[in-house]
Amino acid sequence: MQRSRKRKTRRRPNLQRSLPLATSLLAAMSAAYAQEAPNQLEEIVVTAQKRTESLQDVPMSIQALGSERLDQLGVQNFAAYAQLLPSLSFQNGGQNGGPGFSRAYMRGVASGGDGNHSGSQPSVGTYLDEQPVTMIQGALDIHIYDVERVEVLAGPQGTLYGASSQAGTIRIITNKPDPSGFKAGYNLEASSLTDGGESYLAEGFVNLPISDNAALRLVGWYRKDGGFIDNARGSVTYPTSGITIDNADRAKKDYNDGDTAGARAALKIDLDDSWTITAGLLGQDQTVNGSFGYRASDDKLELTRFKPERSEDRWVQAALTVEGRFSNFDVVYAGSYLNRKDEYDLDYVDYSYYYDSCCGYGSYVYDDAGTLIDPTQYILANDRYDKQSHELRISSSSDGRFRYVAGLFYQEQDHDIEQRYVIDNLAGPDTVVDPPGSLWVTGWPDTWWLTEQKRVDRDYAAFGELTYDLTEQFSVTGGIRFFESKNSLEGFFGFGLTNPFYPDYGEPQCFNQLDPGYVDSPIKGAPCTNVDKVVKESGNTAKLNLTYRFDGDRLVYATYSEGFRPGGVNRRGDLPPYKADYLKNYEIGWKTSWADNTLRFNGALFIEEWKDFQFSFLGQSSLTQIANAANARIQGVEADFQWAATDALTLAGGAAWINAELTRPYCGELDDDGNDLSPCPREPFAPNGQQLPVTPEFKGNLSARYVFALGGWDAHVQGVVAYVGERWPDLRTEQREILGKVEAYTIADFTAGIARGGYTLELFLNNAFDERGQLDRWAQCDASICGSSGTYITPVMPRTIGLRFGQRF
């Protein structure tokens, strides 16, 4: 365990004058204990309030994992640190439940169904250093290595972080170049999954001083992930045509393997004692095969697919941060440009089979000769993202009685969406069947459905926070953010002009078909335009905080804060836009250190009111639609501790109890303004009091680390236990009954290792008891169509045993 000096504080009032008798006795007991246990906890410095502060001095709910803790726990990706943060829940949003595009939720603020390219923005923001990397469909899946800390800010961050930080913010802070000296290191890792494949990892960094005031830091990684889901041999017979297909050429064991490679470069230059420039470039390429779900009706980790399944997520981010000081205040500019390319192939056999079963879909699918053919669809997707953000802010010195932060913010995200739903040998322009004729989308061979759209989301904001110390112990903070958003969607979606299956969507509804005088300029080869909508909104969010510091080690606070998420466009022409939804947070919390900083105990009680929240779901023809559905109340408590029990033993843990329920039923019918009908004229889709999906009522973790000497080596053993309670995958009652409840699970990880002279060697055993934990339950089409037999479960990783070797220079 790392020893560190005791945290410095701005002030330390006289305990005898400022504390009640009970607190004075606790402080005396702490001092007595400290004489026996001098080992202190490592200080964690955070920048959650846009200034550098000790974690224990910040009057807000923050859970932070420092560099040392991240290394000890072997955290390498989002899923790994999400397991350790009780207020954070998530759904994997990648191809069939795989990595990439993970959707994060905090404190139960989740309605489910988010993540579609034409759906709501995330409710949790993600930042890489000073720059936002929150994407429309979810955040980047950043490999965690050479990272200074991960900060999780629970509750609305609507003043300093704005849109998509409605329920909280995740901040990944990387290690910066250091001109003081050369540093380098690397890790090598090999592991094996129970009844699965093998995985390998190589990662390293080097810090190169260029001069006394400049340095370059280079980081790189490559990871090979073994698969554990089998594509089992099987067949499907379509009811309408009687056509049978099998996957003999696709069946494969452990077919959901993947590769991730990436690099980061950062250059830091101290121009003088007051001004610093840091420029960075970060890129990653992640390729994933197969699906990460297995059939809920079968206990085996397998499913049956007939078409290729693969995704590749490539992105590059360039960032620039300029920090300086004018007179008595600090100035920061943070800007970034992010380019992301996402390509995937996805088998759509479930959709094809169940729509044939319910609606006779297969009887519409024929070749040029008019013969019914295999109607199995598969998706060929090619999405492109461009995101830029700029923030300019000033802040006063943190030493004064009056402190402030103020700034301007702008971001724009462009998303070029291309998704082809392909059927091989589909009837085209040369078909002898007339009518109806070609089944293609015009100009797109074998394409049953096409989405070719451009989505643009823009955010503008001005923000500020002021803090004033009324006394040496009592301070008040007020903040406000004024925002304006402009979100647009333009392009084409739907079937071809003469496709008889569902003429309400596609070319028959294009503007030039409905109005011969319309001058069309379709985007990227689309046949025409049938959606062109813009939504503009403006408003403000506020914050008020009262903080009382008993002494330099203990404080309590009360906070009122607001968060928001911008509205947007429903691509269906007969649906109105959805509006921004707002979250109000009422919170009381505490930050305490005891026994000369050998014990920390932090926590918060909160009530949150979520009004007219956005709800995304598969509607008519399994087309995503969004509505301002209902109201909800979330009540909870979250707490975490860390205790250096002895020089050798450190304990840590955290837990969250959350009760998230509807306070107004979700009817499922809209009024003329796009709001959910209230009162509901029929049985609602979700009644009053229904638990919100995704988030469990209880989530917690406990870890213990013991260090000791072993034959001239520094040795350690470590155990981590994490529990996630049961939760629902969907808000609606009917879908819950079909999909089933996501079951609770407990995961145990163990590590043992030795270190000496910069070398480390560790043996790790993750999910030691091979728990079949459930992350999510889902279906490829609306659950009412697919039914329970079309339900899949995304599991946690099976038991993994591995060896890790590292060296530091």
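If you're wondering where the values come from, they're calculated on a predicted model, not measured in any experiment. (Residues numbered from 1 in each chain as written. Predicted model: local features only at pLDDT ≥ 70, side-chain atom pairs only at ≥ 80, totals over all residues. Heavy atoms only, no water.)

Caption draft 1: Summary view of the overall build of the chain. Helix and strand counts for the chain come out as eight helices and 40 strands. Here the C-alpha radius of gyration of the chain, 28 Å, is about what a compact globule of 809 residues would show, namely 28 Å. The principal-axis extent of the C-alpha atoms belonging to the chain is close to 90 × 60 × 55 Å. Across the 809 residues of the chain, 59% fall into the buried class. Contacts spanning at least 24 positions in sequence make up 70% of the contacts within the chain whose residues lie at least 6 apart. Considering the chain, the positive charge centre built from 76 side chains and the negative charge centre built from 107 side chains are found 7 Å apart. (Helix = DSSP H or I, 4+ residues; strand = E, 2+ residues; numbered from the N terminus. Rg over C-alpha atoms; globule rule 2.2 N^0.38 Å. Buried < 20%, exposed > 50% of the residue type's maximum accessible area, 1.4 Å probe, protein only. Contact = heavy atoms within 4.5 Å. Lys, Arg positive; Asp, Glu negative; His and termini not counted. Charge placed at Lys NZ, Arg CZ, Asp CG, Glu CD.)

Caption draft 2: Fine view of unusual backbone geometry. Put simply, Pro435 and Pro436 share a cis peptide bond, and its omega is 0°. Of note, Pro436 is situated in the loop between strand E25 (402–422) and strand E26 (447–469). The backbone of Asp612 shows a phi angle near 50°, a positive value even though the residue is not glycine. Relative to the helices and strands, Asp612 is located in strand E31 (residues 599–618). One non-glycine residue with positive phi stands out, namely Asn767, at about 50°.

Caption draft 3: Spotlight on the pattern of salt bridges. Counted under the stated rule, the structure contains 48 salt bridges. The partner of Arg314 in a salt bridge is Glu343, and the shortest N-O contact between them spans 3.1 Å. With Arg314 in strand E22 (residues 310–326) and Glu343 in strand E23 (residues 329–348), the pair connects residues that are 29 residues apart, well separated along the chain. Bridged by salt links that share partners, the residues Glu189, Arg223, Asp225, Glu762 and Arg804 form one connected network. (Salt bridge = Lys/Arg side-chain N within 4 Å of Asp/Glu carboxyl O.)

Caption draft 4: Structural view of the state of the cysteines. Evaluated as defined, the whole model comprises four disulfides. Across the disulfide from Cys510 sits Cys528; the S-S distance is 2.0 Å. Measuring handedness by torsion sign, the sulfur bridge of Cys510 and Cys528 sits at about 60° and is right-handed. Of this pair, Cys510 sits in the loop between strand E27 (474–494) and helix H6 (511–514) while Cys528 sits in the loop between H6 and strand E28 (531–551); the two residues are 18 residues apart in sequence, bridging distant segments of the chain. Classification of Cys510 by relative accessible area gives buried; the value is 0%. (Disulfide = S-S within 2.5 Å.)

Caption draft 5: Structural detail: the sheet that holds strand E10 (residues 147–154). Taken together, the five strands give an open sheet; going across it, the order is E3-E10-E11-E6-E7, and neighbouring strands pair in mixed fashion. Looking along the sheet, the strands with just one partner apiece sit at the ends: strand E3 (62–66) and strand E7 (131–132). Both strand E6 (residues 124–128) and E7 contribute to a ladder of two bridges, which runs antiparallel. Counted as the bridge partner of Tyr127 is Pro132 from E7. (Pairing = 2+ DSSP bridges.)

Caption draft 6: Local environment of the nonpolar core. Ranked by size, the top nonpolar core spans 61 residues in total, and within it Tyr81, Leu88, Ile170, Phe613 and Leu692 carry the most contacts. The element that contributes the greatest number of residues to this core is E31, accounting for five residues. With residues near it in sequence (within four places) discarded, Leu692 still touches Gly108, Ala110, Trp610, Phe613, Ala632, Ile634, Ala660, Glu661, Leu662, Leu731 and Arg736. By size, the runner-up hydrophobic cluster in this structure holds 35 residues, among which are Tyr366, Trp448, Val569 and Leu623. (Core = buried A, V, L, I, M, F, W, Y, C linked by side-chain atoms within 4.5 Å.)

Caption draft 7: Summary view of the pairing of strand E13 (residues 198–211). Looking at chain direction, strand E12 (residues 183–193) and E13 are connected through ten bridges and run antiparallel. Looking across to E13, one finds that Ala184 is bridged to Val206. The hairpin formed by E12 and E13 contains four residues between the paired strands, and Asp195 there has a positive phi angle of roughly 55°. Pairing analysis gives eleven bridges linking E13 to strand E14 (residues 214–225), with the strands arranged antiparallel.

Caption draft 8: Geometry of the sheet that holds strand E38 (residues 774–779). One open sheet accounts for three strands, arranged E20-E39-E38; its pairing is antiparallel. Here the strands that pair on one side only, and so sit at the sheet edges, are strand E20 (294–295) and E38. One ladder, built from five bridges, connects E38 with strand E39 (residues 791–795); its direction is antiparallel. Following the sheet pairing, Gln774 is matched in E39 by Pro795.

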